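Okay, here's what each chain looks like letter by letter:
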There are 2 protein chains.
Amino acid sequence: MRKIIVANHVTIDGFFAGPNGELDWFVRDDQLAKYAAEQLKDKGALLLGRKTYQLFASYWPTPSAYEDNPILAPMLNDIEKIVFSRTLDRAEWSNSRLIKENIAEEVLKLKEQPGNDMVILGSGSIVSALTRLGLIDEYEFMVNPVILGRGRSQFEGLDGRLKMKLMKAEALSSRIVILGYRPMKDKPR
Amino acid sequence: MRKIIVANHVTIDGFFAGPNGELDWFVRDDQLAKYAAEQLKDKGALLLGRKTYQLFASYWPTPSAYEDNPILAPMLNDIEKIVFSRTLDRAEWSNSRLIKENIAEEVLKLKEQPGNDMVILGSGSIVSALTRLGLIDEYEFMVNPVILGRGRSQFEGLDGRLKMKLMKAEALSSRIVILGYRPMKDKPR
């Protein structure tokens, strides 16, 4: 089975976005870009919620994305994108496919198909939905050195607790800490 | 000036307590107890909010505390406790002193007194109040391998962001990760 790996920036106080979706607290440096490229290079698909899809689709194909992120931009434009949204009619970014319903079934089908592991970036609603369903295999958090006080969680509406096994703890570039986990049970309980 | 150091357990999703104050997700093992004793041994005082004070005062002086935590129990009973509460009339746990008003002034006075550094355990309302006032010098988080989905933050009501400098990132006993930070500015902004 192909794995699904969440790879998200978080604040020290556990948010993946500010209260209005702000992401301007992300640390940006070369070591982190290299790390993100390393993470992406053997992945078979990106799984995205609507908001992250729209944000990505409006940025990554542009000339300034290629200028600012010459390694990541072609990778993100080329990789297969699976977009989960009930409201979008089309997903026109290169190699994007829209899934409008039956997320659980569709994700299970994707996992059973041959291919490389899949990764979720951002997409809090998808992370929480798939976490509730026990469909996430690994979580990788890039802990940014900031406290926001308020913000959005990628684990809203969990029905119970999810115990994890620590797989990785590594300081990157002296500012970001990478924490890697695997769920110890199939679902939160 | 004496430093104030916050040393708190947190979940992966950033809570220091469950939605009803639950702390039963804390990892407990010998290595962690040793670490906590090491943290406490050169500290001049504990700063506590009412809830944490009452919890501690009802447990640490008991025989079962001495049985379960033979190293920590005498340390916590002996150390000076400063309790911040408007509603308590007395603080009768050994070496406790009650501060009912003017937290900012009283904490500044404590910092200016000679003595060893002070530590805050639990006490989310005190952590957030002193963080807002820019009076915390160091934060040490023990990240426990669990996602709760809901819970209480020790950084509620921050007026702005607090950027931090990463001082320590260390996996302890393969389950807990210690993340140590210092604020980069005097106050959140």
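Residues numbered from 1 in each chain as written. Chains lettered and ligands numbered in written order. Predicted model: local features only at pLDDT ≥ 70, side-chain atom pairs only at ≥ 80, totals over all residues.

### Points about unusual backbone geometry
Residues and elements named next belong to chain A. Short version of the rule: Only runs of H or I of at least four residues qualify as helices and only runs of E of at least two qualify as strands under DSSP, and these elements are numbered from the N terminus.
Positive phi values are uncommon outside glycine, yet Asn 95 reaches one of about 60°. Tracing the backbone shows Asn 95 in the loop between strand 3 (81-84) and strand 4 (96-99). One non-glycine residue with positive phi stands out, namely Ser 123, at about 55°.

### A closer look at the pairing of strand 3 (residues 80-84) of chain B
All names here are of chain B. Quick reminder of the rule: Whether a residue is buried, exposed or partly exposed is read from the other C-beta atoms within 10 Å of its own C-beta, which are placed from the backbone; 20 or more gives buried, 12 or fewer gives exposed, and intermediate counts give partly exposed. By this definition, two strands are paired if DSSP reports at least two bridges between them.
Burial analysis of strand 3 places four of its five residues in the buried class, the great majority of the element. Pairing of strand 2 (residues 45-49) with strand 3, which is carried by five bridges, proceeds in the parallel orientation. Bridge pairing in strand 3 links Gly 49 to Phe 84. Bridge count for strand 3 against strand 4 (residues 96-99) is four bridges, and the pairing is parallel. The residue of strand 4 that forms the bridge with Val 83 is Leu 98.

### Points about the sheet that holds strand 8 (residues 162-172) of chain B
Worth spelling out the cut-off: A pair of residues counts as a contact when their C-beta atoms, built from backbone coordinates, are within 7 Å of each other. In this description, a line fitted to the C-alpha atoms serves as the axis of each element, helices being fitted only across the stretch in contact, and the angle between N-to-C directions of two axes falls anywhere from 0 to 180 degrees.
An order of 7(A)-8(B)-9(B)-6(B)-1(B)-5(B)-2(B)-3(B)-4(B) is seen for the nine strands of this open sheet, with the pairing classed as mixed. Taken across any chain shown, the strands that pair with only one partner, and hence form the sheet edges, are strand 7 (146-147) of chain A together with strand 4 of chain B. This element, helix 2 (residues 50-59) of chain B, spans strand 2 and strand 3 of chain B of the sheet and lies at about 115° to strand 2 of chain B.

### Points about the environment of Met1(A)
Assignment of secondary structure puts Met1(A) in the segment before strand 1 (4-10). Along the primary structure Met1(A) and Lys111(A) are separated by 110 residues, whereas in three dimensions their C-alpha atoms are 5.4 Å apart.

### As for the nonpolar core
Rule in force here: For this analysis, nonpolar core means a set of buried Ala, Val, Leu, Ile, Met, Phe, Trp, Tyr and Cys residues linked through C-beta atoms within 7 Å.
With 92 residues, the main nonpolar core has Leu47(A), Val143(A), Leu47(B) and Val143(B) as its most contacted residues. With residues near it in sequence (within four places) discarded, Val143(A) still touches Val10(A), Ile12(A), Ile176(A), Val177(A), Leu179(A) and Leu179(B).

### Points about the relation of the copies chain A and chain B
Note the cut-off: Least squares is the method used to superpose the copies, on C-alpha atoms of residues holding a pLDDT of at least 70 in both.
Mapping chain A onto chain B calls for a rotation angle of 180° and an axial translation of 0.0 Å; the resulting RMSD is 0.0 Å. Overall, the copies show the geometry of a two-fold rotation axis. By C-alpha distance to the rotation axis, the residue of chain A lying nearest is Gly14(A), at 2.1 Å.

### Section: the confidence of the model for chain A
To be explicit about the condition: For every residue, the pLDDT score states the predictor's confidence, bounded by 0 at the bottom and 100 at the top.
For chain A, per-residue confidence averages 95 on the pLDDT scale, and residues scoring 70 or more make up 100% of the total. Prediction confidence for the complex, expressed as pTM and ipTM, is 0.95 and 0.94 respectively.

### A closer look at the interface of chain A and chain B
On the side of chain B, 29 residues touch chain A, which itself brings 29 residues to the contact. For the side of chain A that touches chain B, the secondary-structure elements that each account for two or more residues are strand 7, strand 8 (162-172) and strand 9 (176-183) of chain A. Top contributing element to the side of chain A that touches chain B by residue count: strand 8 of chain A, with seven residues. Across two bridges, the pairing between strand 7 of chain A and strand 8 of chain B is antiparallel. Across the sheet, Val146(A) pairs through a bridge with Lys163(B), a residue of strand 8 of chain B.

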